[in-house]
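Per-entry structural report
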Amino acid sequence: MTHSQGQVCSQPMDETATELRKVLVLNPKGGSGKTTLATNLAAWYALEGLQPALLDLDPQGSSLRWLGKRTGEQPGVHALKGFELPSNVTRSFALRPPPGTHRLIVDTPAGLPREQLREVTRDAGRILIPVLPSDIDIHAVTRCIADLLLVARVPRDSGRIGIVANRVKANTLVYRALMRFLATLEIPVVGVLRDTQNYVRAFEQGCGIHELRGGTQARDVEHWESIVWWVETGEVAALDLG
Ligand SMILES: Nc1ncnc2c1ncn2[C@@H]1O[C@H](COP(=O)(O)OP(=O)(O)OP(=O)(O)O)[C@@H](O)[C@H]1O
Ligand SMILES: [Mg+2]
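None of the values given here were measured: they were computed from a predicted structure. (Residues numbered from 1 in each chain as written. Chains lettered and ligands numbered in written order. Predicted model: local features only at pLDDT ≥ 70, side-chain atom pairs only at ≥ 80, totals over all residues.)

This brings us to the sheet that holds strand β4 (residues 103–107). Pairing is parallel in the open sheet, where seven strands are placed in the order β3-β2-β4-β1-β5-β6-β7. Every other strand in the sheet has two partners, leaving β3 (78–81) and β7 (189–194) as the edge strands with one partner each. Here the average twist between neighbouring strands, direction ignored, is 20°. Across four bridges, strand β2 (residues 52–56) lies against β3 in parallel orientation. When the bridges of β3 are listed, Leu54 appears paired with Ala79. Contacts from helix α7 (residues 173–185) reach β5 (124–131), β6 (161–168) and β7, with the element oriented near 175° to β6. (Pairing = 2+ DSSP bridges. Helix = DSSP H or I, 4+ residues; strand = E, 2+ residues; numbered from the N terminus. Axes fitted to C-alpha atoms, helices over the stretch in contact; angles between N-to-C directions. Contact = placed C-beta atoms within 7 Å.)

Right, dumping it as structure tokens:
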């Protein structure tokens with residue numbers, strides 16, 4: 001797959017593609033890449049011409065901070081603040097994406113209580129789980145997935161859960177250990193993102209990695225195509241860290 005605007009989203013586009021779909025980014029472990037995934041996905045859809053809304057449920061407000069850095073010239077992403085809600089409106093009203101939204105991307109906080117899992121996963125067509133290649137993170141994701149299956153009752157074979165191995169350094173033992181472990185979970189690994197400062201730069205500029213100019217992100221853009229492809233079609237692309 002090579003990226004050109006409209007390709008990844010428009011290829012599988014049928015009349016239902018412009019219906020509202022919710023994509024949840026989840027991992028109760030801090031720093032695993034939730035905000036990185038949520039912001040890059042939102043930016044991707046904006047450039048593809050599918051109207052995204054980004055709901056930030058994390059009181060740290062990192063996704064909203066990223067949105068605040070976007071200029072009026074960049075394709076729009078609608079902001080939804082999911083914390084410190086005003087008392088004069090209902091929660092469901094405050095969190096409702098505006099009419100015309102095609103993709104609702106939800107960034108969740110670290111330490112999300114298990115009791116809230118059922119609520120946040122409701123109506124989520126896809127649930128993306130970023131995982132770092134470290135022993136601590138591998139252990140934490142096992143629990144996260146067990147909670148998804150048992151507490152939120154998302155069936156393992158529903159095709160709704162996809163794992164993204166994040167901050168990966170190719171040819172390292174810990175990366176291989178992560179991939180071996182993920183293979184045992186019977187949950188698809190739908191993307192692999194390398195460890196690169198491009199993500200830090202993109203965040204600072206309020207853009208997605210594919211919008212960075214004159215950089216070294218071509219490979220990263222290809223890695224993103226796999227993720228968007230899975231979100232849109234449910235098909236897992238062959239992963240190549242290059
Ligand atoms: N693939 C990557 N390469 C390099 N840096 C990355 C990558 N992914 C994330 N980071 C950096 O790691 C840090 C944590 O990422 P991020 O904020 O996305 O995690 P998070 O899961 O949202 O954290 P929190 O649980 O605190 O909300 C950030 O500084 C981010 O820029
Ligand atoms: Mg975050």
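The biggest cluster of nonpolar side chains holds 57 residues, and the ones touching the most others in it are Ala42, Leu54, Ile105, Ile129 and Val164. For this core, the leading source of residues is helix α2 (residues 34–48), giving eight residues. Setting aside residues no more than four positions away along its own chain, Ile129 makes contact with Leu26, Asn27, Val141, Cys144, Ile161, Ile163 and Val164. (Core = buried A, V, L, I, M, F, W, Y, C linked by C-beta atoms within 7 Å. Buried ≥ 20, exposed ≤ 12 C-beta atoms within 10 Å, placed from the backbone.)

A word on α2. Between the first and last C-alpha of α2 there are 21 Å, a value that for 15 residues agrees with the 21 Å anticipated at 1.5 Å per step. Summarising burial for α2: 14 of the 15 residues are buried, a large majority. In the segment just after α2, Gly49 is the residue with positive phi, at about 90°. (Expected span 1.5 Å × (residues − 1).)

Trans is the prevailing form of peptide bonds, just as negative phi is the prevailing case for residues other than glycine. Notably, Arg153 is not glycine yet its phi reads approximately 55°, a positive angle. Along the polypeptide, Arg153 turns up in the loop between α6 (135–150) and β6. Despite not being glycine, Asn171 shows a phi value in the positive range, around 60°. By the secondary structure assignment, Asn171 is in the loop between β6 and α7.

Time to look at the site of ligand 1. Neighbouring ligand 1 are 19 residues, the closest being Gly30, Lys34, Thr35, Thr36 and Ala110. When residues of the shell around ligand 1 are traced back to their parent elements, those giving at least two are α2, β6 and α8 (197–204). Here the shell around ligand 1 is built from residues that sort into five nonpolar, ten polar and four charged. (Near = placed C-beta within 6 Å. Nonpolar A, V, L, I, M, F, W, Y, C, P; charged D, E, K, R; others polar.)

Turning next to the environment of Leu178. Relative to the helices and strands, Leu178 resides in helix α7. We classify Leu178 as buried; it has 25 C-beta atoms within 10 Å. When sequence neighbours within four positions are dropped, the list of residues in contact with Leu178 reads Val131, Pro133, Ile138 and Ala165.

The next point concerns the packing of α2 against helix α3 (residues 62–69). Contact pair α2 / α3: the axes reach a minimum separation of 9 Å and the direction vectors enclose 40°. Our classification of the angle between α2 and α3 gives oblique. When you trace α2 past α3, the crossing you get is right-handed. Contacts between α2 and α3 involve Thr35, Ala38 and Thr39 from the former and Ser62, Ser63 and Trp66 from the latter. Class assignment for the residues of the contact of α2 with α3 results in two nonpolar, four polar and no charged. (Parallel < 35°, antiparallel > 145°, perpendicular 65-115°, else oblique. Left-handed = near helix turned anticlockwise from the far one by under 90°.)

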